[in-house]
Amino acid sequence: MHKKGISKTVALGSAIAVLVIIAMAALIVLNMPKEVTTPTPTPRWPEKLLGGGATFVNPLMQKWAYEFQRERGLFGVDYQSIGSGQGIAKLKEQAVDFAASDAPLKRGDWEALKSVRGGVIQIPITIGSVVAIFNIPGVDELKLSQEVLLKIFDGSIKRWNDPQIVSLNPQLSNVDREIIVVYRADRSGTTFIWTSFLEKVSKGKFPSDLSFKLPDEEADRARFIGAKGNEGVTEAVRNTQYSIGYVELSYAVLNRLPHAAVENKAGKFVKASIESVTEAVRSVIEQASLPDPLDDWSDISLIKLEPPSPDAYPIVSFSYVMLYVENSPEKAAALREFLTWVYEKGQRYVADVPGYIPLPDNAVQIGLKGVSYMQEK
């Protein structure tokens, strides 16, 4: 065969061989098992989360629920203002997804619940203060020493013109009227905060509890009026002249009721405000070591740590959210979503609700740590 013909044949054969190799490679590729990419599952959200408990935190919780729904639109948050005692009871009954209380769980309750759904997570959710609101016609300013405050609420100071009150408030020298004391009739975290302060002042004689202790004498008890919730105490004081009661600061501000300046550790009379409560927390947190979210919080009290700053309002406290470690997949995802939002973004709405201050960074980190402990059951 001629050399030129042989070259064409070889070239043609080489081309065919290349085409065969390409075709075989394509077949191999086509027949290789394909890697399956599993999409990240979209959480199934419940219609709503159900919370209940402290009236103390209710105005802020309603704000958070509204803003979370507006921003995220994933599910609703229904918070019921039923008091800390009822909130803890509902948590024990597993009737709510989360509870809120101004008092941490008692050590016995915390121990008992350690074996239920992985135990209870307790995390600070906000900081507030409790104030003495009053209704004395023509009087807008009132100064109360710690000792006088104790004696008003244990019933031993009975009239507004008592010399111990008048020495601090000369404008009351002619107000010869009985003091009507309004207290929380339901089991209340606000009462726990208030009585924790009275217990400290009395050196343990006045009991700290969710329930308020009435005076022993029947005649003194007749001057005490029980009301339900911060809302109820607010209304009772508003409608009862010469009365005094205790509520969370936001209720005093929102309802434009005067509240007393209280003597602090430095001996200075200070009214509760964003600035004085912030100063109290700052001065306490600098020296406090906070527990893990799964640990016992029953001994944590900002009041008993006595804010040392002369500009601090002395009756301040954390309010807590409590929830179980183990939850259904839908509820676990929703709780994680909502509470993470509260700690990371919701703090910017705190200043919109009078009477509250944002959590300090170390408390925020404890909250987020607690959220991370949640598990699906």
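The preceding data block contains the structure.
Residues numbered from 1 in each chain as written. Predicted model: local features only at pLDDT ≥ 70, side-chain atom pairs only at ≥ 80, totals over all residues. Heavy atoms only, no water.

Further remarks concern the packing of helix α12 (residues 329-344) against helix α13 (residues 361-372). For the pair α12 and α13, the least separation of the axes is 10 Å and the interaxial angle reads 170°. In terms of axis orientation, α12 runs roughly antiparallel to α13. Between α12 and α13, the contacting residues are Arg-336, Leu-339, Thr-340, Tyr-343 and Glu-344 on the first element and Val-364, Gly-367, Leu-368 and Val-371 on the second. (Axes fitted to C-alpha atoms, helices over the stretch in contact; angles between N-to-C directions. Helix = DSSP H or I, 4+ residues; strand = E, 2+ residues; numbered from the N terminus. Parallel < 35°, antiparallel > 145°, perpendicular 65-115°, else oblique. Contact = heavy atoms within 4.5 Å.)

For the rest of this paragraph, the subject is the sheet that holds strand β2 (residues 76-81). The strand order across the open sheet formed by eight strands is β2-β1-β3-β11-β4-β8-β6-β7, and the pairing between neighbours is mixed. Each having just a single partner strand, β2 and β7 (224-227) make up the two edges of the open sheet. Each neighbouring strand pair of the sheet contributes to a mean axis angle of 25°, computed without reference to strand direction. Bridge count for strand β3 (residues 98-101) against strand β11 (residues 316-324) is three bridges, and the pairing is antiparallel. Paired with Ala-99 across the bridge in β11 is Met-322. (Pairing = 2+ DSSP bridges.)

Another aspect to go through is the packing of aromatic side chains. Evaluated as defined, the whole model comprises 18 aromatic pairs. Taken together, a centroid distance of 5.2 Å and an interplanar angle of 70° make the contact between Phe-153 and Trp-194 edge-to-face. With Phe-153 in helix α5 (residues 146-153) and Trp-194 in helix α7 (residues 189-201), this pair connects stretches of sequence that are 41 residues apart. The pair formed by Phe-153 and Trp-194 is uniform in burial state, with each residue classed as buried. Between the aromatic rings of Phe-338 and Trp-341, the centroid separation amounts to 6.5 Å while the plane-to-plane angle is 15°, which identifies the pairing as stacked. Taken together, the residues Phe-338 and Trp-341, both in helix α12 and three residues apart, mark about one turn of the helix. An identical accessibility class is assigned to Phe-338 and Trp-341; each is buried. Members of the aromatic cluster, each reached through a chain of ring pairs, are Trp-45, Phe-68, Phe-75, Tyr-79, Phe-98, Phe-338, Trp-341 and Tyr-349. When the ring centre of Phe-269 is taken as origin, the NZ or CZ atom of Lys-143, which lies over that ring, is 5.1 Å away. (Phe/Tyr/Trp six-rings, centres within 6.5 Å; stacked < 30°, edge-to-face > 60°. Buried < 20%, exposed > 50% of the residue type's maximum accessible area, 1.4 Å probe, protein only. Lys NZ or Arg CZ within 6 Å of the ring centre and 35° of its normal.)

What follows concerns the environment of Gln-146. Positionally, Gln-146 belongs in helix α5. Judged by its relative accessible area of 14%, Gln-146 falls in the buried class. Measuring from C-alpha to C-alpha, the distance between Gln-146 and Ser-202 comes to 9.2 Å, with 56 residues separating the pair along the chain. Residues in contact with Gln-146, not counting those within four places in the same chain, are Phe-197, Lys-200, Val-201, Glu-263, Asn-264 and Lys-265.

Paired through their backbone hydrogen bonds, the strands of a sheet run either parallel or antiparallel. An order of β5-β9-β10 is seen for the three strands of this open sheet, with the pairing classed as mixed. Two strands close off the open sheet at either side, each with one partner strand: β5 (143-144) and β10 (269-270). With two bridges joining them, strand β9 (residues 261-263) and β10 adopt antiparallel strand pairing. Along β10, the bridge assignment pairs Val-262 with Val-270.

This part takes up the pattern of salt bridges. A side chain of one charge can pair with a side chain of the opposite charge if their charged atoms are brought near each other. Inspection of the entire model under this criterion finds 25 salt bridges. The partner of Glu-67 in a salt bridge is Lys-63, with the nearest N and O atoms 2.9 Å apart. With Glu-67 and Lys-63 both in helix α2 (residues 58-71) and four residues apart, this pair spans about one turn of that helix. By relative accessible area, Glu-67 is classed as buried at 5%. Lys-63 sits in the partly exposed class, given a relative accessible area of 22%. Two residues, Lys-369 and Asp-292, come together in a salt bridge whose shortest N-O distance is 2.9 Å. Separated by 77 residues along the polypeptide, Lys-369 in helix α13 and Asp-292 in the loop between α11 (274-285) and β11 bring together distant segments of the chain. What makes Lys-369 partly exposed here is its relative accessible area of 39%. Shared partners join several salt bridges into a network, and the residues in it are Lys-63, Glu-67, Arg-70 and Asp-352. (Salt bridge = Lys/Arg side-chain N within 4 Å of Asp/Glu carboxyl O.)

This part is about unusual backbone geometry. A positive phi angle, near 50°, is found at Arg-117, a position not held by glycine. Within the element layout of this structure, Arg-117 appears in the loop between α4 (107-112) and β4 (120-135). In this structure, Lys-203 takes a positive phi of about 55° despite not being glycine. By secondary structure assignment, the location of Lys-203 is in the loop between α7 and α8 (218-221).

These values are about where atoms sit, not about what they do.
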